[in-house]
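Architecture at a glance
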Amino acid sequence: MGCAAIGNLISDVAGVGMGSYVESVARRLGFKEPSLTPEQMALSSCRYASNAGAASGVAFGCLLGMFPLLFYADHENKDKESQQEVEVKPA
């Protein structure tokens, strides 16, 4: 669990750090920042969209951080199985 917590911390910090980079790339690709008035920014729909975007970004970062688990082999169980096979075989 400690490794998972450290991985989550690194993922979250990287996500914050990458935010400006992603915005810069989006601008180069032709996306424009919305020109919203302070009144529009105060709307609940605007806050909801902002929070949903942030939450989905964090979720994506966490899922990306779990990607190496696809390549994880459970060596401990394999060692136990091989020991059991050795113990079962007669000498």
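Structure: above.
Note on numbering: residues in each chain are counted from 1, in written sequence order. The predicted origin of the model limits local features to residues at a pLDDT of at least 70 and limits the giving and counting of side-chain atom pairs to 80 or more, whereas totals for whole chains, interfaces and linings rest on all residues. Just so you know, side-chain values use all the structure's heavy atoms and leave hydrogens and water out.

**Some details on the packing of helix α1 (residues 2-28) against helix α3 (residues 44-65)**
Helix axes use the C-alpha atoms of the stretch in contact, all axes being lines fitted to C-alpha atoms, and the angles between their N-to-C directions lie in the range 0 to 180 degrees. Elements are defined by DSSP. Helices are runs of H or I of four residues or more, strands are runs of E of two residues or more, and each kind is numbered from the N terminus. Relative orientation of the contacting elements α1 and α3 amounts to 130°, with a least axis distance of 9 Å. Considering the angle they form, α1 stands oblique to α3. Between α1 and α3 the crossing geometry is right-handed. For the pair α1 and α3, the contacting residues are Asn8, Ser11 and Asp12 in the first and Val58, Gly61 and Cys62 in the second. Comment on the angle field: the value is read as roughly parallel under 35 degrees, roughly antiparallel over 145, roughly perpendicular from 65 to 115, and oblique elsewhere. Put simply, a crossing is left-handed when the front helix is turned counterclockwise from the back one by less than a right angle, and right-handed when it is turned clockwise. Pairs of residues are marked as contacts when any of their non-hydrogen atoms sit within 4.5 Å.

**Points about α1**
A rise of 1.5 Å per residue sets the reference length of α1, with its 27 residues, at 39 Å; its end C-alpha atoms lie 39 Å apart and thus fit the reference within 8%. Along α1, the helix axis deviates most sharply at Met18, where the bend reaches about 40°. Just beyond α1, the residue with positive phi is Gly30, at close to 105°. Take the residue count of a helix, subtract one, and multiply by 1.5 Å to get its expected span. Bend at a given residue is defined as the angle between two axes, one fitted to the seven residues that end at that position and one fitted to the seven that begin there.

**Some remarks on the packing of aromatic side chains**
Geometrically, a pair of aromatic rings is defined through the distance of the ring centres and the angle of the planes. The criterion for an aromatic pair is that two Phe, Tyr or Trp rings (for Trp, the six-membered ring) have centres within 6.5 Å, with stacked assigned to planes under 30 degrees apart, edge-to-face to planes over 60 apart and tilted to the rest. Under the definition given, this model contains 1 aromatic pair. Aromatic side chains Phe67 and Phe71 sit 5.4 Å apart centroid to centroid with 75° between the ring planes, which places their arrangement in the edge-to-face category. Overall, Phe71 belongs to the exposed group, its relative accessible area being 63%. Only protein chains enter the accessibility calculation, which uses a 1.4 Å probe; a residue is then buried when its area is under 20% of its type maximum, exposed when over 50%, and partly exposed in between.

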